[in-house]
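A structural walkthrough
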Amino acid sequence: MFSLICKTLIEKPGSIDLKINYARNLKTIIPSVNSISKPSDERSPTVSFLTHSCGLSLEKAISVSKLVKIQDTEKPNSSIQLLTSRGFTKPQIATLISKYPRILSHDPEKVLKPKIEYLESLGISGPDLAKILCPYPELLSRSLENHIIPTFDFLKGVFQANGNLVYALKQSIRVVNSDIQKRVVPNMNTLRAHGVPEPHIARLIMLQPPSIVLRADLFKNVIDVIKEMGFEPSSKSFILAVRSMAMSSKATWQSKKEILISFGWSEDEFRMVFKRQPLFMMASAKKIRKLMDFFVNKIGLEPSDIARYPNLLIGSLEKKVLPRWSVLQVLMSKNLLKKDVNVSLALFVTKEVFERRFVTSYMHEPEVMTAYQGGLGVQAVGGGVGAELSQT
């Protein structure tokens, strides 16, 4: 463009004014490089406050700025100071604001402080306060007199002790955000109607609060299926089964079940294992597939071995199973294990039992500690060795 203008000026001097005006107009049409590289969102006072004072990333700050506008920083700064004085870290404050931007528009003295002080009066303070509020900061938007206090009074009646209440809220605060009379009470009544003891109901709410806020019709379906599978409502395993099944949609449950059957379990075997250890079905489908693939395809266990010890599907592959298998590999390579050692049992037993039998007894073998600390890769059991090791 510049070359064309110069050529025109040389060839047609009379057109100088016209070309100069054209060039000037180009400046107004084409934005500057700085304005292209820095969108207006990034220059807004709200985004600046969210990034510099609240610790949000630029991307998150731009997103949050669409939900809250900050003209005066007095209230937001006071809210941040209030949270900081209660032990919230900067990352926790950033999380809180990202999930609930309206907290910056609340009056810290009239709205936020009374609710925080009420929670502290129940023994919820310091790290516990942050752990409970960060996942569900919307609780701070609920009425203290009309929702928070009545809900906590109800839960205190269920748990009897504030310690149990705090423990339950650490698991999930969804029960507090829910409508107690529409969600929790009907499901508790369903459990009572089937003969579930009150302490078991309280334990269910304490250990898995979201399970009790399931829609009433869905919750009744879960109870019916669990009873049909042969669980006794007065037993502790009944509540474990409710915890497990209530936390999965029907589609997710079926997906997990199909993964297990694809590795060789029968329908009857699945039901038997679920009755023995209901909580293994709380693992994600991804985790179940990963563990079954390791046990069956990588180290040569039979599907029935896992069925005998369903807790194998609860533990962590990386933190528990791999270090133990590495130790067993070392001991097998040195012929220090009996041929009929039960590998699935060795992977299942408690940490103390495993270490006493397979680690501390072989401290004179340096490779054992290296393996236990994750120093070895995983190799599949080969040939007849796998068959010998997987015997019961």
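Where an unreviewed UniProt entry is consulted, the protein appears under the name Mitochondrial transcription termination factor family protein, with the organism given as Citrus sinensis.

A word on the overall build of the protein. A tally of helices and strands in the protein yields 25 helices and 0 strands. Taking all 392 residues of the protein together, 43% fall into the buried category. In the protein, once contacts between residues fewer than 6 apart in sequence are set aside, the share between residues at least 24 apart is 70%. About 20700 Å² of surface is accessible on the protein, with carbon and sulfur atoms providing 54% of the total.

Further remarks concern the environment of Y362. Relative to the assigned elements, Y362 resides in the loop between α23 (351–359) and α24 (366–372). Residues Y362 and V327, spaced 35 residues apart in sequence, show a C-alpha to C-alpha distance of 10.0 Å. When near neighbours in sequence (up to four residues on either side) are disregarded, Y362 contacts L331, L336, L337, R357 and V368.

Helix length check: helix α15 (residues 216–228), at 13 residues, gives a terminal C-alpha distance of 18 Å against a target of 18 Å (1.5 Å per residue), a fit within 8%. Where α15 is concerned, the buried positions are F219, V222, I223 and I226. Taken down its axis, α15 places every buried residue within 95 degrees of arc, on the same side. Of the surrounding secondary structure, the elements contacted by the buried residues of α15 are α13 (180–193) and α16 (236–246). Trailing α15 by a residue or two, G230 shows a phi angle of about 100 degrees, which is positive.

Attention now moves to the pattern of salt bridges. Across all of its chains, the model carries 14 salt bridges by this definition. A salt bridge links D305 to R308; the shortest N-O distance between them is 2.9 Å. Taken together, the residues span about one helical turn, with D305 and R308 both in helix α20 (residues 303–308) at a distance of 3 residues. The structure contains a network of salt bridges with shared partners spanning R86, E117 and E120.

This brings us to the side chain of T151. One can find T151 in helix α10 (residues 144–159). Residues within four places of T151 in sequence aside, it is in contact with V175, V176 and I180.

Criteria and cut-off values
Residues numbered from 1 in each chain as written. Predicted model: local features only at pLDDT ≥ 70, side-chain atom pairs only at ≥ 80, totals over all residues. Heavy atoms only, no water. Helix = DSSP H or I, 4+ residues; strand = E, 2+ residues; numbered from the N terminus. Buried < 20%, exposed > 50% of the residue type's maximum accessible area, 1.4 Å probe, protein only. Contact = heavy atoms within 4.5 Å. Areas by Shrake-Rupley, 256 points an atom, 1.4 Å probe, with all protein chains shown as cover. Expected span 1.5 Å × (residues − 1). Arc of directions from axis to C-beta. Salt bridge = Lys/Arg side-chain N within 4 Å of Asp/Glu carboxyl O.

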